[in-house]
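Single-letter residue listing:
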Amino acid sequence: MTRKVITLASILIIFVVAVYCMHWTARPENSAISYDGRGTDVVELYENREDYDNSNADGVAAIIVNTEPSKAETVNAVASVVFDYRGYDTIGESFILLAAIASAHCILRSAKKNKAEAEEKGGAKK
Amino acid sequence: MKKMKEGINVKNIVIKCGADAILPFAIVFGFAVILFGSVSPGGGFQGGVITASAVLLLYLGYGTKIAKQAISSECLRVNEGIAAVVYVVLAGIALFMGASFCFNTLKFGSMGEMLAGGTITFMTYAVGYKVLTGVGFLLLMMLGLLAGKDEEEETE
Amino acid sequence: MMTVNYVAAAILVTLGLYTVSTQKNLIKIVIGLGIADYGINLFIVSVGYNRGGTAPIFNISDIVSNLKLVGGQAFFVDPVPQALTLTSIVIGACVNAMALSLVVKLYQQYHTTNTDEIRRLRG
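Residues numbered from 1 in each chain as written. Chains lettered and ligands numbered in written order. Predicted model: local features only at pLDDT ≥ 70, side-chain atom pairs only at ≥ 80, totals over all residues.

Draft legend 1. Region of the structure containing the overall build of chain A. The secondary structure content of chain A amounts to five helices and zero strands. Taken from N to C terminus, the helices and strands of chain A fall in the order α-α-α-α-α. In chain A, which comprises 126 residues, the share counted as buried stands at 29%. Look at the contacts in chain A between residues 6 or more apart in sequence, and 26% of them connect residues 24 or more apart. (Helix = DSSP H or I, 4+ residues; strand = E, 2+ residues; numbered from the N terminus. Buried ≥ 20, exposed ≤ 12 C-beta atoms within 10 Å, placed from the backbone. Contact = placed C-beta atoms within 7 Å.)

Written as structure tokens, this is what we have:
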């Protein structure tokens, strides 16, 4: 009985601490790097791309969005971040996919062989 | 037609009709999400997983034996490695042209058209193909372990 | 800054931790691992939210005709956390695939999926 009480109490404490930490992390006055797109003038950015004044940018995302029409002329901003500004991370991720599928193939190859042997033994006994 | 009707149990006919109806939509929609990856929301990873659901629908409607006859797993395994090599070659082109790694160097149009993002568009195709074949091979291998139960049901 | 998303992410992470630590069935433990992963992904995406913003895609026809923008200014949400979450989702799927293949091998060796009995049997 005490085991269940201790489990429930610790679950509640972890939940309250998690909500408080997440709320504290995302408050705008605590996190210095945040992208507020109100200062970006998109029509002027589209027309003269290289001369856009980028000095009062407040974070990484503002710099990326403001230099995107001149460097990587893509309409999709997320695709340009994934494949152009952060292409090295995407190479690593596709190799994680390759490694996971290759190791699953290795593990399950002997599983198929054991299963076939067990079925043959069961059929021979019958 | 007679052969198909002999092999199918009555309780599976509804699932077979449902899989028949959804399968062409899944494949076409998945390819559309991959192809327009640089213009509209979506991209390589999302479209690849949508198209790989065709293997799952084939298994649900018809069983493992027919799914293995329709899609060969050796072909999928080889193509996954080819797509990975193509992706690395495309990323290394920018190094030979004097820019940083994975820079967009093959621009063929103005902003807003489909070929405007040069290497970004081709990288989307490569990653979409890689995820398609990889996840399809994984599903086919794991569903192939359940073959024993299906064969016992059919011979009874 | 949406509070509902943070509460949901905290619920998912707590549920995942509870499932991993108290359940005895192997497949339930693997499901708990996945649930904790999804909670963290939800938290990362909802950090980069601006109130009233649209999707981070340049709409060329609207820019050229200057229709829907208020005074010519755009209002995107943050594109960088969305790009990092894509990688995290793929990694979660790979971890699930490998864990499930290990569960298949364990079942073939011990013929049970109860962790108490696997600890006792030892081959």
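Back to the text.
Draft legend 2. Just the overall build of chain B, in detail. Within chain B, the regular secondary structure consists of eight helices and zero strands. Along chain B, from the amino end to the carboxyl end, the secondary structure elements read α-α-α-α-α-α-α-α. A buried classification covers 37% of the 156 residues belonging to chain B. Pairs at least 24 residues apart make up 64% of the contacts formed inside chain B by residues separated by at least 6 positions.

Draft legend 3. Representation of the interface of chain A and chain B. Listed as interface residues are 24 residues of chain A and, on the opposing side, 30 residues of chain B. Where the side of chain A that touches chain B is concerned, the elements lending two or more residues are α4 (77-85) and α5 (87-125) of chain A. By residue class, the composition of the side of chain A that touches chain B is 13 nonpolar, six polar and five charged. (Nonpolar A, V, L, I, M, F, W, Y, C, P; charged D, E, K, R; others polar.)

Draft legend 4. Molecular detail of the nonpolar core. If you look at the biggest cluster of nonpolar residues, it comprises 57 residues, and the most contacted ones within it are Val81 of chain A together with Val55 and Tyr87 of chain B. Here this core gets 13 residues from one element, more than from any other, and that element is helix α7 (residues 118-143) of chain B. Each of domain 2 (34-85) and domain 3 (87-126) of chain A contributes no fewer than three residues to this core. Non-local contacts of Val81 of chain A, meaning those with residues more than four positions away in its chain, are made with Ile64 and Arg86 of chain A together with Pro79, Val80 and Ala83 of chain C. (Core = buried A, V, L, I, M, F, W, Y, C linked by C-beta atoms within 7 Å. Domains from an automatic or database assignment.)

Draft legend 5. Fine view of the packing of helix α1 (residues 3-22) of chain C against helix α2 (residues 26-47) of chain C. Residue and element names in this part refer to chain C. One way to put it is that α1 packs onto α2 with a least axis distance of 8 Å and a crossing angle of 160°. Our classification of the angle between α1 and α2 gives roughly antiparallel. For the pair α1 and α2, the crossing hand works out as left-handed. The residue inventory of the contact of α1 with α2, partitioned by class, reads 17 nonpolar, six polar and one charged. (Axes fitted to C-alpha atoms, helices over the stretch in contact; angles between N-to-C directions. Parallel < 35°, antiparallel > 145°, perpendicular 65-115°, else oblique. Left-handed = near helix turned anticlockwise from the far one by under 90°.)

Draft legend 6. Representation of the packing of helix α4 (residues 53-62) of chain B against α7 of chain B within the structure. Residue and element names in this part refer to chain B. Closest axis-to-axis distance for the α4/α7 pair is 8 Å, and the angle between their directions is 25°. Relative to α7, α4 is oriented roughly parallel. For the pair formed by α4 and α7, the contact residues are Val55, Leu56 and Tyr59 on the first element and Gly136, Leu139, Leu140 and Leu143 on the second. For the contact of α4 with α7, a count of residues per class yields six nonpolar, one polar and no charged.

Draft legend 7. Molecular detail of α7 of chain B. For α7 of chain B, with 26 residues, the first-to-last C-alpha span of 38 Å sits near the 38 Å given by 1.5 Å per residue. Of all 26 residues in α7 of chain B, 22 are buried; the element is thus mostly enclosed. (Expected span 1.5 Å × (residues − 1).)

Draft legend 8. Seen up close, the environment of Cys17 of chain B. Looking at the secondary structure, you find Cys17 of chain B in helix α2 (residues 13-35). For the pair formed by Cys17 of chain B and Gly61 of chain B, sequence separation is 44 residues and the distance between their alpha carbons is 7.7 Å.

Draft legend 9. Expanded view of the interface of chain A and chain C. The interface of chain A with chain C comprises 40 residues on the first partner and 43 residues on the second. With 11 residues, α5 of chain A is the single largest residue contributor to the side of chain A that touches chain C. Of the residues contributing to the side of chain A that touches chain C, the split by class is 27 nonpolar, seven polar and six charged.

Draft legend 10. Quick peek at the confidence of the model for chain B. Residues and elements named next belong to chain B. On average, residues of chain B score 84 in pLDDT, and 87% of them reach the 70 mark or higher. No element of chain B has a lower mean pLDDT than helix α1 (residues 2-7), at 50, and none a higher one than helix α3 (residues 44-51), at 94. Overall fold confidence for the complex sits at a pTM of 0.86, while the interface term, ipTM, reaches 0.83. (pLDDT = per-residue confidence, 0-100.)

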